[in-house]
Structures are given as C-alpha cells and as structure tokens.
Amino acid sequence: MTSTEYSTRDFDKVMAKINCPYCKKELAYKAIKDLPYFPFCSNRCKLLDLGAWIDEKYRIEEPISPEMLSEMGKEGEEEENG
Ligand SMILES: [Zn+2]
C-alpha cells in the first residue's frame, strides 16, 4: 500500500470536464472562462458546428439500429424458477 498524501480532492472540485460537442475531445477546465470557445475545444469546432446548424445538418435523428434491438432482446436468463 502506498500512502497517498496527495490530495486531489480540491483540485477535482474545481475541475470540470466536458467533451467538445463537435469533435468529442475531452476538455478540462476550472472555469468557463478557461474555454474561450466553450463548450467547444476550439474556434474551428465552434464554427464547424455553427455551420452545421445553419446547414440543418445537425438534426440527427438517431434511428434505432438492429444492434440496439438485439441488445434489448438479449436472452441471458438461466434461472430455474418454477
Ligand atoms: Zn472540438
């Protein structure tokens, strides 16, 4: 066992993490002002995302994929209740 005197609690408390909505890059910040392009990682992503909105390409309606369906109807019950 190693004694961890390092207390990251205070650090954790002030740090927040988000993911850039466009490129999904993880961003850590202490205050919103740390991210000039909040919630984006960069001006590029902000502009690209904005462009997507304008283009109405952002309206992604996630269709239910066969994978999701099979996940829901998964059979994994091996109980003997009778
Ligand atoms: Zn980004």
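Bear in mind the structure is a predicted one, so any value in this text is a computation, not a measurement.

> Explain the overall build of the protein here, please?
If you tally the helices and strands in the protein, you get three helices and two strands. Along the protein, helices (α) and strands (β) appear in the sequence α-β-β-α-α when read from the amino end. Every one of the 82 residues in the protein was classed for burial, and the buried ones make up 2%. Summarising the internal contacts of the protein: among those between residues at least 6 apart in sequence, 11% fall at separations of at least 24.

> What is the right way to read unusual backbone geometry from this model?
Only a minority of non-glycine residues have a phi that is not negative, and only a minority of peptide bonds are not trans. Here the amide bond leading from Phe38 into Pro39 is cis, since omega sits at 0 degrees, within 30 degrees of zero. As for its position among the elements, Pro39 is in the loop between strand S2 (26-29) and helix H2 (43-54). For Lys24, which is not a glycine, the phi torsion comes out positive at approximately 65 degrees.

> Whenever I open this one, the pairing of strand S1 (residues 16-19) confuses me. Can you help?
Regular strands place side chains that alternate from one sheet face to the opposite one. The sheet contact formed by S1 and S2 spans four bridges and is antiparallel. When the bridges of S2 are listed, Ile18 appears paired with Leu27.

> Is there a simple way to explain the confidence of the model for the protein in this structure?
Predicted coordinates in regions of low pLDDT should not be interpreted in detail. Across the protein, pLDDT averages 76, with 60% of residues at or above 70. Across the protein, element-level confidence peaks in S2 with a mean pLDDT of 93 and bottoms out in helix H1 (residues 9-14) with 57.

Conventions adopted
- Residues numbered from 1 in each chain as written.
- Predicted model: local features only at pLDDT ≥ 70, side-chain atom pairs only at ≥ 80, totals over all residues.
- Helix = DSSP H or I, 4+ residues; strand = E, 2+ residues; numbered from the N terminus.
- Buried ≥ 20, exposed ≤ 12 C-beta atoms within 10 Å, placed from the backbone.
- Contact = placed C-beta atoms within 7 Å.
- Pairing = 2+ DSSP bridges.
- pLDDT = per-residue confidence, 0-100.

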